[in-house]
Amino acid sequence: MRRLFRFFRMGALLLVLGVVAAGGVYGYLKYAPSGEWVDQKAWYGTDGETALFWNNELLESTCGRFSDGQAYLPLTWVSDSLNEKFYWDETGHQLIYTLPESIVYVDGSTMGVDGRPLLIEADGGVWLSSGLVEAYTNVRIEAFEDGEVSRIYVDDIWGIERTAQLKWKGKIRIRGGFKSAILTEAEKGESVVILEELESWSRVRTADGYVGYIHNWLLGEMQEHTRISSFIEPEYTHRSLETPVCMVWHQVTTAEANAGMEKLMANTDGVNVIAPTWFMLTDNEGSYVSFADQEYVDRAHEMGLQVWAVLDNFNQGGEVQSEVLFASTDARRRLIAGLMEDVERYGIDGLNLDIESIRPEAGPHYVQFIRELSVDCRRNGIYLSVDTYVPSAYTAFYNRAEQGRVADYVVIMGYDEHYAGSEAGSVASLGYERQGIEDTLREVPCDQMISAIPFYTRVWKGDGTETTSSALGIVAAKNWVEKNEVELAWQEDLGQYYGEKTIDGVFCRIWMEEETSIGLKVDLIREYDLAGVACWKLGFEPADIWEIVKLP
């Protein structure tokens, strides 16, 4: 019996030991740190290419590259995310960077101070050296070519940065937790940047360019450092009149029309800028028709007026393809040289760009033209103003923010809310004007923004199945209302008088522009403290309107 008892006791002991051993194995398997090293190519998803980090976040669909030990960034990403002024001339295979008073040209043969190319064309793309990007952009770039996957870090975050030294050698894992795979190993005493501190783990960036997680018990006392940028942002100076701008466009489509300026201006008061439509683009090479006239400029100056000549793409531009014209560096140069020559020849004070109805693909090229033109205007003391539409999703490519950075004035054309070919409605309701101003002010400073108002309206004919319209100046519209005995009623929400009547069997409607509606628009200019007002066009207005339009 004793032997049997000892046998069972031994068996029970072995069973207990077995359970304890099994539990230990289970516990070890469950809680022991993983020794698995991550496959970096799979983790970064780069297929061996250079991983690109933006503010410590891996860009999953964008890679950098190394060539001859030099780090390069994709131009498309740089221009979309870092600095839109890096402009690529596809035809000339050159990069163009526009500064306030100079233009930098870089191609594949342009070398940096280290003797390596500043850009390369490869794999159907363009790549900029990290040094070139840093020279013109407020970022810092670090590159690491070691390891399974090379890495480039681009950061634009400045200010306080927290660091800590490792108390012991430790493993950096791809996620927080001991079961996570190992990305790299950091040595005792190595300093890491603390990107995010969690309860037990911290997301860190190592000195040799890895971002991952480390257990907090490995970190020593945290310290704070201040990252200070040494980048000096180029200063784009803007010329401005000492008083609010009161500009009126003078439509000139023949040389003979210049002679009518003095008569048309006789009824005005408070105007300090006249903008004759003198320069009209004719082709994709930068050629234009000019109706510039020396006597006109001399007379305007004697009357105390500045002359801002208009360049447009529609009066004689039937053959002009803006996406072709402005995409050509040679055409832009030719056009700018011609404009500067005419400005100097006639003593013109400024240029007013009125480039309309361009395609979205022309947008970046047109904006580049404005940048380049602004350089010559700035050098020669010439005012540069740009006419543009009220903001909308389908006109965003006009890039009003960049226009405001490089030009002196941005003129928002606060009309054509309804236009020839659209449904019937107001040319410029008060709500449309206000919304246009507020949306533009999100992109352009108030002291550079000019609000353009209409001296015209439209008479709409038709019952809705087929609607046509004709534009009438304020004087002509008043005569039409009086002649046809149209009764007008004030529309508070529109800030306009409205009238309708069936005339000779045709249903007609009109949303009037007159002294009251114009006065409300001018009140908006004062309310938002804008740089001035522009009026389309000279000759459409009654004489007494100028007492309303005139700004202090």
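Just so it is clear, the structure is predicted and the values come from calculations on it, not from any experiment.

J.: Explanation requested: the overall build of the chain in the structure shown.
T.: The secondary structure content of the chain amounts to 14 helices and 32 strands. Compactness check: the chain gives a C-alpha radius of gyration of 34 Å against a globular reference of 24 Å for 552 residues, more than 25% above the reference. On the principal axes, the C-alpha backbone points of the chain span a range of 135 × 60 × 40 Å. For the chain, the proportion of its 552 residues judged to be buried stands at 52%. Long-range pairs, those at least 24 residues apart, make up 69% of the contacts in the chain between residues at least 6 apart in sequence. Working note: accessible area of the chain is about 26,400 Å², and carbon and sulfur atoms make up 50% of it.

J.: Can you help me understand the packing of aromatic side chains in this one?
T.: A complete count under the given rule lists 23 aromatic pairs for this structure. Ring centres 5.5 Å apart and planes at 80° place the aromatic pair Tyr389 and Tyr398 in the edge-to-face group. Owing to a relative accessible area of 2%, Tyr398 belongs among the buried residues under this scheme. The structure contains a cluster of three or more aromatic residues connected by ring pairs, namely Phe326, Tyr366, Phe369, Tyr389, Phe397 and Tyr398. In this structure, Arg140 packs its charged tip against the face of Trp158, placed 4.8 Å from the ring centre. Geometry around Tyr210 places Arg151 over its ring, the cationic atom sitting 4.0 Å from the centre.

J.: Just checking my understanding: could you explain the confidence of the model for the chain for this structure?
T.: Do not read the fine detail of predicted coordinates wherever pLDDT is low. Summary statistics for the chain give a mean pLDDT of 94 and a share of 94% for residues scoring 70 or more. Low pLDDT, under 50, characterises residues 19–30; the stretch is placed with four contacts to residues that sit more than four places away or in other chains.

J.: Help me understand the sheet that holds strand β4 (residues 86–89) in this model?
T.: Ordered in space as β4-β5-β6, the three strands form an open sheet in which the pairing is antiparallel. Every interior strand has two partners, whereas the edge strands, β4 and β6 (103–106), have only one. With strand direction ignored, the average angle separating the axes of adjacent strands in the sheet is 25°. Two elements, β4 and strand β5 (residues 94–98), share four bridges in a ladder whose sense is antiparallel. Its bridge partner lying in β5, Tyr87 is registered against Ile96. Lying over the sheet, helix α8 (residues 329–346) contacts β4, β5 and β6, oriented at roughly 35° with respect to β5. Its contacts with the sheet put helix α9 (residues 363–380) on β4, β5 and β6, and the angle it makes with β5 is roughly 55°.

J.: Would you take a moment to explain the nonpolar core for this structure?
T.: Soluble, globular proteins show a tendency: their nonpolar side chains are buried together. Ranked by internal contacts, the top residues of the largest apolar core, which has 73 residues, are Trp278 and Val549. Among the elements that take part in this core, α8 stands out by supplying seven residues, more than any other. Ranked by size, the runner-up nonpolar core spans 26 residues in total, among them Val78, Tyr97, Leu128 and Val139.

J.: Explain the sheet that holds strand β10 (residues 151–155) here, please?
T.: In sheet architecture, strand pairing relies on hydrogen bonds along the backbone and comes in two forms, parallel and antiparallel. In space, the seven strands of this open sheet follow the order β7-β8-β3-β2-β1-β10-β9, with mixed pairing throughout. Of all the strands in the sheet, just β7 (119–122) and β9 (140–144) have a single pairing partner and so form its edges. On average, each strand axis in the sheet is tilted by 35° relative to the strand beside it, whichever way the strands run. Bridging between strand β3 (residues 70–74) and strand β8 (residues 125–129) involves three bridges; their strand directions are antiparallel. Among the inter-strand pairings, Leu73 is bridged to a residue of β8, identified as Leu128. Most of the contacts of helix α3 (residues 75–82) go to β3, to which it runs at about 65°, and overall it touches β1 (50–54), β2 (57–67), β3, β8 and β10.

J.: Is there a simple way to explain the environment of Glu295 in this structure?
T.: Counting through the fold element by element, Glu295 comes out in helix α6 (residues 294–302). Relative accessible area serves as the criterion here: at 55%, Glu295 is assigned to the exposed category. Distance in space between the C-alpha atoms of Glu295 and Ala407 is 28 Å, their sequence separation being 112 residues.

J.: Which parts of the structure should I look at to understand unusual backbone geometry?
T.: For residues other than glycine, phi is negative in most cases, and the peptide bonds are mostly trans. Trp536 connects to Lys537 through a cis peptide bond whose omega is 0°. With respect to the element layout, Lys537 can be found in the loop between β32 (532–536) and α14 (546–549). Positive phi, close to 65°, is recorded for Asp416, a residue that is not glycine. Given a relative accessible area of 34%, Asp416 falls into the partly exposed group.

J.: Help me out: how do you make sense of the packing of α8 against α9 in this one?
T.: Axes are the key here: two packed helices are described by the angle between their axes and the distance separating the axes. In the contact formed by α8 and α9, the axes pass within 10 Å of each other and the chain directions differ by 35°. When you trace α8 past α9, the crossing you get is right-handed. On α9, the residues touching Arg332, Leu335, Ile336, Leu339 and Met340 of α8 are His365, Gln368, Phe369, Glu372, Leu373, Asp376, Cys377 and Asn380. Split by residue class, the contact of α8 with α9 holds seven nonpolar, three polar and three charged.

J.: Would you take a moment to explain α6 for this structure?
T.: Residues spaced three or four apart along an α-helix face the same direction, because each turn holds 3.6 residues. For α6, the complete set of buried residues consists of Tyr296, Val297, Arg299 and Ala300. Projection of α6 onto a plane perpendicular to its axis shows the buried side chains occupying an angular sector of 165°, all on one side. Summarising the geometry of α6, the exposed residues directed more than 90 degrees from the buried face are Glu295 and Glu302. Contact partners of the buried residues in α6: β18 (245–250), α5 (261–265), β19 (273–276), β22 (306–312) and α8. N-capping of α6 is provided by Asp293, with a side-chain oxygen placed 3.1 Å from the backbone N of Glu295.

What counts and how
Residues numbered from 1 in each chain as written. Predicted model: local features only at pLDDT ≥ 70, side-chain atom pairs only at ≥ 80, totals over all residues. Heavy atoms only, no water. Helix = DSSP H or I, 4+ residues; strand = E, 2+ residues; numbered from the N terminus. Rg over C-alpha atoms; globule rule 2.2 N^0.38 Å. Buried < 20%, exposed > 50% of the residue type's maximum accessible area, 1.4 Å probe, protein only. Contact = heavy atoms within 4.5 Å. Areas by Shrake-Rupley, 256 points an atom, 1.4 Å probe, with all protein chains shown as cover. Phe/Tyr/Trp six-rings, centres within 6.5 Å; stacked < 30°, edge-to-face > 60°. Lys NZ or Arg CZ within 6 Å of the ring centre and 35° of its normal. pLDDT = per-residue confidence, 0-100. Pairing = 2+ DSSP bridges. Axes fitted to C-alpha atoms, helices over the stretch in contact; angles between N-to-C directions. Core = buried A, V, L, I, M, F, W, Y, C linked by side-chain atoms within 4.5 Å. Left-handed = near helix turned anticlockwise from the far one by under 90°. Nonpolar A, V, L, I, M, F, W, Y, C, P; charged D, E, K, R; others polar. Arc of directions from axis to C-beta. Polar contact = N/O pair within 3.5 Å; in protein donor to acceptor, adjacent residues only side chain to side chain.

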